[in-house]
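# Remarks on the overall topology
Chain by chain, the residues:
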Amino acid sequence: MQLNFPYRFAVAMFGEDGTELGTVLVKRDWEPVADWTRFYYQRRGALPLAESGSASILPLWEHTLGKPYCRGYRVQIEQPDRRPVASDFPNTHFRDFASSVASLYVEQKKLRAGEYYSYMVVAHPARTEALKPGGLSVVNTSPSLPVRDGSLATFMAKATPSGVIDSDDMPVFVHNHVLDETATLTQRHRGTEVGAILIGKLWRDEAVGEIFAEITAQIPAEHTLGTSVKLTFTAETWAAADAALRLRNRGESPVGFAHSHPVFSWCKGKACTPEAQKVCHLAKDFFSADDEAVMRAAFPRAYSVAIVANDTAFTDLTFSMFGNREGLTQARGFYVLEGETNGA
Amino acid sequence: MAKVESTAEIPLEFSDVSGQKVFNVKNAPVANTVGELIAEMISVSNMNLPRNDSNGAPLTYQARLEREGRHLNASERIGDVLEAGDHLTLAPNIDAGMR
């Protein structure tokens with residue numbers, strides 16, 4: 001999907017006493033939020049399943065102050081002969097960028113370490129840039145969503161919820177054996193991060209206006225380099241997973257990845273007390289910036305998910321799932337499937 | 001042995017490792033290297049794949065040539081190794097972890 005930027009966004013930074021510290025042009029990755037918006041409307045049948053149309057990132061003006069101050073932004077997707085669809089997002093989506101600017105200001109001594117700061121988001125019309133001559137001529141030919149028709153109720157009848165289910169999230173069903181195999185993989189290499197490629201199918205239930213995912217299998221990630229704190233996926237990893245997927249030949253597609261977090265080992269290294277380990281944010285539902293980078297590089301579509309096997313010292317292995325919600329990678333719930341289903 | 005070049009540019013097809021993103025290039029210059037083409041393809045204006053890891057370090061992508069089932073070296077010349085219509089998969093070397 002082509003992204004259009006008729007406006008340029010910037011954050012105006014203020015110190016604790018309200019002094020303006022500077023204004024910095026926003027640099028951020030807009031694709032996850034644009035892709036989430038597209039998928040949201042595809043789920044509800046308001047957009048075609050094919051990769052088409054273009055999305056514009058537009059400012060939402062602040063009600064009292066007006067232009068150029070923003071209360072948020074809008075992702076608007078144009079479609080031929082139909083009204084555009086749009087989703088609105090708050091200024092909190094600029095928080096990480098503002099935080100990185102604040103860190104820079106601390107280095108530059110414009111802010112004191114620990115000093116409170118605030119930010120406002122502003123937007124100004126962008127200049128139209130001329131196309132560079134002699135560049136590559138590239139056309140997006142990405143495939144349509146690989147959905148097939150199925151019944152959500154059929155899946156629900158065999159499923160048990162795990163984690164907090166948000167009704168706005170795409171339902172994800174994970175076969176129990178996938179979790180068992182991920183657990184076995186984790187325990188076999190206990191103390192070292194290991195991973196797998198998750199494969200499955202997307203289903204569409206037109207009667208209820210929903211698309212949902214079924215994770216049918218995990219392919220252990222070969223040719224990886226694992227330590228207690230990181231797992232490197234190499235070019236050979238992806239090639240081996242692709243070969244395994246083709247060999248299975250069951251109409252499945254890659255839908256994400258799974259990997260282990262040997263939290264007990266991290267805690268041991270830091271000599272954390274058992275009490276501290278139980279309330280540590282790393283123990284459950286922790287998805288690092290590195291993990292997010294893997295999702296973005298290898299599984300960019302909004303329906304992709306990741307499973308983390310949390311291996312702690314104080315409880316049995318647990319699983320967390322993460323996915324794109326409103327353009328941000330967030331912990332989410334899922335359903336565990338017992339037995340076989342053919343989707344009908 | 002180098003292939004006979006009948007044209008200065010060839011069409012190619014690229015995908016990411018999941019196959020979720022597929023892009024066609026109409027005019028890959030045969031005189032360029034594979035590394036130069038990869039750098040161009042991952043850019044924001046094309047496939048928009050991440051160029052840096054979470055720490056800001058550059059990510060390395062390798063191009064896997066479907067026809068031969070091998071990863072190309074970044075220094076190989078397009079005209080020497082690729083044919084019109086070849087499919088290439090861009091595979092990152094990337095870390096998951098606690099950072």
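### A word on the interface of chain A and chain B
Much of the literature gives interface size as the accessible area that the parts lose upon coming together. Between chain A and chain B, the residue contacts involve 46 residues of the former and 38 residues of the latter. Interface area, chain A with chain B, both sides summed: about 3,500 Å², of which 54% is carbon and sulfur. Considering only the surface of chain A that becomes buried against chain B, A:Leu136, A:Asp290 and A:Ala297 emerge as the three largest contributors, covering 19% of it. Among the ionic pairs, A:Arg246 bridges to B:Glu66, the shortest N-O distance being 3.2 Å. Where chain A touches chain B, the interface holds 22 residue pairs in polar contact (both at pLDDT 80 or more).

### Here's the deal with helix α1 (residues 31-43) of chain A
Look at α1(A): 18 Å from first C-alpha to last across 13 residues, which is about the 18 Å you get at 1.5 Å a residue. Looking one or two places after α1(A), you find A:Gly45, whose phi comes out positive at around 80°.

### Here we look at the pairing of strand β12 (residues 195-205) of chain A
All names here are of chain A. Burial analysis of β12 places 10 of its 11 residues in the buried class, the great majority of the element. In this sheet, β12 lies alongside strand β9 (residues 147-149) in parallel orientation, the contact comprising 3 bridges. Across the sheet, Asp149 pairs through a bridge with Arg204, a residue of β12. In terms of strand pairing, β12 meets strand β16 (residues 253-261) through 6 bridges, oriented antiparallel. If you follow Leu198 over to β16, its bridge partner there is Gly256. In the sheet, β12 pairs with strand β13 (residues 210-220) via 10 bridges, with the strands oriented antiparallel. By the bridge assignment for β13, Leu198 is matched with Gln218. As consecutive antiparallel partners, β12 and β13 are separated by 4 residues, and within that stretch Gly209 has a phi angle of approximately 65°, a positive value.

What counts as what
Residues numbered from 1 in each chain as written. Chains lettered and ligands numbered in written order. Predicted model: local features only at pLDDT ≥ 70, side-chain atom pairs only at ≥ 80, totals over all residues. Heavy atoms only, no water. Contact = heavy atoms within 4.5 Å. Buried area = accessible area lost by both parts, 1.4 Å probe. Salt bridge = Lys/Arg side-chain N within 4 Å of Asp/Glu carboxyl O. Polar contact = N/O pair within 3.5 Å; in protein donor to acceptor, adjacent residues only side chain to side chain. Helix = DSSP H or I, 4+ residues; strand = E, 2+ residues; numbered from the N terminus. Expected span 1.5 Å × (residues − 1). Buried < 20%, exposed > 50% of the residue type's maximum accessible area, 1.4 Å probe, protein only. Pairing = 2+ DSSP bridges.

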